[in-house]
Amino acid sequence: MDAREFIKVGMSAERTLVVPPERTVGYFLKHMPMVYATPMMILEMETASGDAINKYLEPGWVTVGTEVDIRHLAATPVGATVRTTAKVIAVERRVIRFEVEAFDDKRRIGEGRHARGLINLEAFNKRLAAG
């Protein structure tokens, strides 16, 4: 399958999240502050990227994250609303590249690039099982 046939530059998605305690760095590392954790922000960016293209994939095909180049720019407390955006900026045969951003109530808190690889889930699972 060639992603260029059905994924187009400019496709986008947006997600909104109210930061819960279990998405803070302090939840994972007790000595750290209760602010939105960088890996959780990246998770939202990856999920928004998938949201931008998932409905265009043929049955049996999914995308998996393959690259992240993200800057976490500002701390965000529990209870703040975070809006995450993802936009397709390039499409290769099996790789889709995104520009991603995250904003809290006051400012941009994250930015960067993300890539997702197109895979056939059945073939992928067979390769994993074969070891």
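Visitor: Explain the overall build of the chain residue by residue, including any values.
Guide: Scanning the chain from N- to C-terminus turns up three helices and five strands. On the principal axes, the C-alpha backbone points of the chain span a range of 45 × 35 × 20 Å. Across the 131 residues in the chain, those meeting the buried criterion constitute 41%. Sequence separation of 24 or more characterises 68% of the internal contacts of the chain that already satisfy a separation of 6 or more. In the form shown here, the chain has an accessible surface area of approximately 7,400 Å², with 53% of it arising from carbon and sulfur atoms. On the chain, the mean spot of the 19 positive side-chain charges and the mean spot of the 17 negative ones are 1 Å from each other.

Visitor: Talk me through the pairing of strand β5 (residues 108-120); I want residue IDs and the actual numbers.
Guide: For β5, the tally of buried residues reaches ten of 13 residues, placing the bulk of the element in the interior. Pairing analysis gives eleven bridges linking strand β2 (residues 61-72) to β5, with the strands arranged antiparallel. Following the sheet pairing, Thr-63 is matched in β5 by Leu-118. Hairpin geometry of strand β4 (residues 95-103) and β5 is characterised by an intervening segment of four residues between the two adjacent antiparallel strands.

Visitor: Hey, could you go over helix α2 (residues 38-53) for me, with residue numbers and the actual values?
Guide: Three or four residues apart is the spacing at which side chains of an α-helix point the same way, because the helix has 3.6 residues per turn. Under the 1.5 Å per step criterion, the end-to-end length of α2 is 23 Å for 16 residues, consistent within 8% with the ideal 22 Å. Buried within α2 we find Met-40, Met-41, Ile-42, Glu-44, Met-45, Ala-48, Ser-49, Gly-50, Ala-52 and Ile-53. Summarising the contacts, the buried residues of α2 are in contact with β1 (12-18), α1 (25-28), β2, β3 (81-91), β4 and β5.

Visitor: Lay out the environment of Ala-90 in plain terms, naming residues and giving numbers.
Guide: One can find Ala-90 in strand β3. Looking at Ala-90, the relative accessible area reads 25%, which means it is partly exposed. When the C-alpha atoms of Ala-90 and Ile-42 are compared, they prove to be 19 Å apart, with 48 residues separating the residues in sequence. Ignoring any residue separated from it by four or fewer positions in sequence, one finds Ala-90 in contact with Val-9, Val-95, Ile-96 and Arg-97.

Visitor: How would you summarise the side chain of Ser-49 if you had to cite specific residues and measurements?
Guide: Note on placement: Ser-49 falls in helix α2. Given the relative accessible area of 0%, Ser-49 is considered buried. Once residues within four sequence positions are removed from consideration, Ser-49 is found in contact with Ala-86, Phe-98, Val-100, His-114 and Arg-116.

Visitor: Tell me about a nonpolar patch on the surface, and please be specific about residues and values.
Guide: On the surface, Tyr-27, Phe-28, Leu-29, Met-32, Met-34 and Val-78 cluster together into a nonpolar patch covering about 540 Å² of accessible area. On the secondary structure map, Met-34 appears in the loop between α1 and α2. Judged by its relative accessible area of 42%, Met-34 falls in the partly exposed class.

Conventions adopted
- Residue numbers here run from 1 along each chain, matching the order of that chain's written sequence.
- In keeping with the model being predicted, local features are shown solely for residues with a pLDDT of at least 70 and side-chain atom pairs are shown and tallied solely at 80 or more, while totals for entire chains, interfaces and linings include all residues.
- Working from all heavy atoms in the structure, the side-chain values ignore hydrogens and water.
- Note on conventions: DSSP H or I runs of at least 4 residues are helices, E runs of at least 2 residues are strands, and numbering of each starts at the N terminus.
- Three labels apply to residues, based on accessible area from a 1.4 Å probe with only protein chains included: buried if under 20% of the type maximum, exposed if over 50%, partly exposed otherwise in between.
- In what follows, a contact means two residues having at least one pair of non-hydrogen atoms within 4.5 Å.
- Only the protein chains shown count as cover for residues, with accessible areas throughout obtained via the Shrake-Rupley method and a probe of 1.4 Å.
- Asp and Glu are treated as the negative residues and Lys and Arg as the positive ones, with His and the ends of the chain left uncounted.
- Here the site of a charge means NZ on Lys, CZ on Arg, CG on Asp, or CD on Glu.
- A strand pair is defined by DSSP finding two or more bridges across the two strands.
- What a helix should span is 1.5 Å times the count of its residues minus one.
- Excluding any residue in a salt bridge, patches collect residues exceeding 30% relative accessible area, merging like charges within 9 Å and nonpolar Val, Leu, Ile, Met, Phe, Trp and Tyr side chains within 5 Å.
- By definition here, a salt bridge exists when the distance from a side-chain nitrogen of Lys or Arg to a carboxyl oxygen of Asp or Glu is within 4 Å.

Read these as geometric descriptors, not functional statements.
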